Amino acid sequence: MRRKIAPTAASAEKAEAGAETVEAVEAVQAPAGGGADTMRTEFSFELPRGYVDEAGRLHRSGVMRLATARDELVPLRDDRVRENPAYLSVVLLGRVVERLGSVTNIHAGVIEDLFASDLAFLQDFYRRINAEGHTRAQVTCPSCDTAFAVDLAGGGRLGES
């Protein structure tokens, strides 16, 4: 079962303005017209290196959705995971990554073809949106020891905060 929740007016304005990054997870928002609460279930990200498809095209932007209990349980029955428990994250990411660039058929084989730095990024991103509820991390500048928050969803160029 796929859950898609209609965007709020604020998120629609961000999309129209071309905002591709997630500033923070807006866990629960009340829609403008009242009624039931809505929850954000999909999060945009930008891979550090990018996925190169079979035609040689580079895909860096993507969308990951929140994981369900089923997403975490089904891979445990997968023979590849039973033979190699480290493969669990590959199968799990293949279930929750909805899109990489123009590629929408995401599966374990696509995740296997990612660069190691991109796989590590997605594993951390998964943990942040599913366990911590946000995509921001507190970091410290190694030169001046200034603490600040960065958005792990990306969108900016390397070196920008």
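On a predicted model such as this, the values are computed, not experimentally measured, just so you know. (Residues numbered from 1 in each chain as written. Predicted model: local features only at pLDDT ≥ 70, side-chain atom pairs only at ≥ 80, totals over all residues. Heavy atoms only, no water.)

Participant: What exactly am I supposed to notice about the sheet that holds strand 5 (residues 97–100) here?
Facilitator: Strand order across the open sheet formed by three strands is 3-4-5, with antiparallel pairing between neighbours. Whereas interior strands pair on both sides, the edge strands pair on one side only; in this sheet they are strand 3 (42–52) and strand 5. For this sheet the average axis-to-axis angle between neighbouring strands, irrespective of direction, equals 25°. Bridging between strand 4 (residues 58–65) and strand 5 involves three bridges; their strand directions are antiparallel. Residue Gly62 lies in a different strand from strand 5, and its bridge partner there is Leu100. Relative to the sheet, helix 4 (residues 88–96) contacts strand 4 and strand 5, its axis offset from that of strand 5 by approximately 75°. (Pairing = 2+ DSSP bridges. Helix = DSSP H or I, 4+ residues; strand = E, 2+ residues; numbered from the N terminus. Axes fitted to C-alpha atoms, helices over the stretch in contact; angles between N-to-C directions. Contact = heavy atoms within 4.5 Å.)

Participant: Please explain the packing of aromatic side chains as it appears in this structure.
Facilitator: Remark: the centre distance and the inter-plane angle together describe each pair of aromatic rings, the angle taken between the planes. Per the counting criterion, the structure on display carries three aromatic pairs. Members of the aromatic cluster, each reached through a chain of ring pairs, are Phe45, Phe121 and Phe125. (Phe/Tyr/Trp six-rings, centres within 6.5 Å; stacked < 30°, edge-to-face > 60°.)

Participant: What is the right way to read the nonpolar core from this model?
Facilitator: Here is a general trend for soluble globular proteins: nonpolar side chains tend to be buried in one another's company. By size, the foremost hydrophobic cluster in this structure holds 25 residues, and its most contacted members are Phe45, Met64, Leu93, Val97, Leu100 and Leu122. Of all the elements in the fold, those that place two or more residues in this core are strand 3, helix 4, strand 5, helix 5 (108–112) and helix 6 (116–132). Setting aside residues up to four positions removed in sequence, Val97 forms contacts with Phe45, Val63, Met64, Ile106, Ile111 and Leu122. (Core = buried A, V, L, I, M, F, W, Y, C linked by side-chain atoms within 4.5 Å. Buried < 20%, exposed > 50% of the residue type's maximum accessible area, 1.4 Å probe, protein only.)

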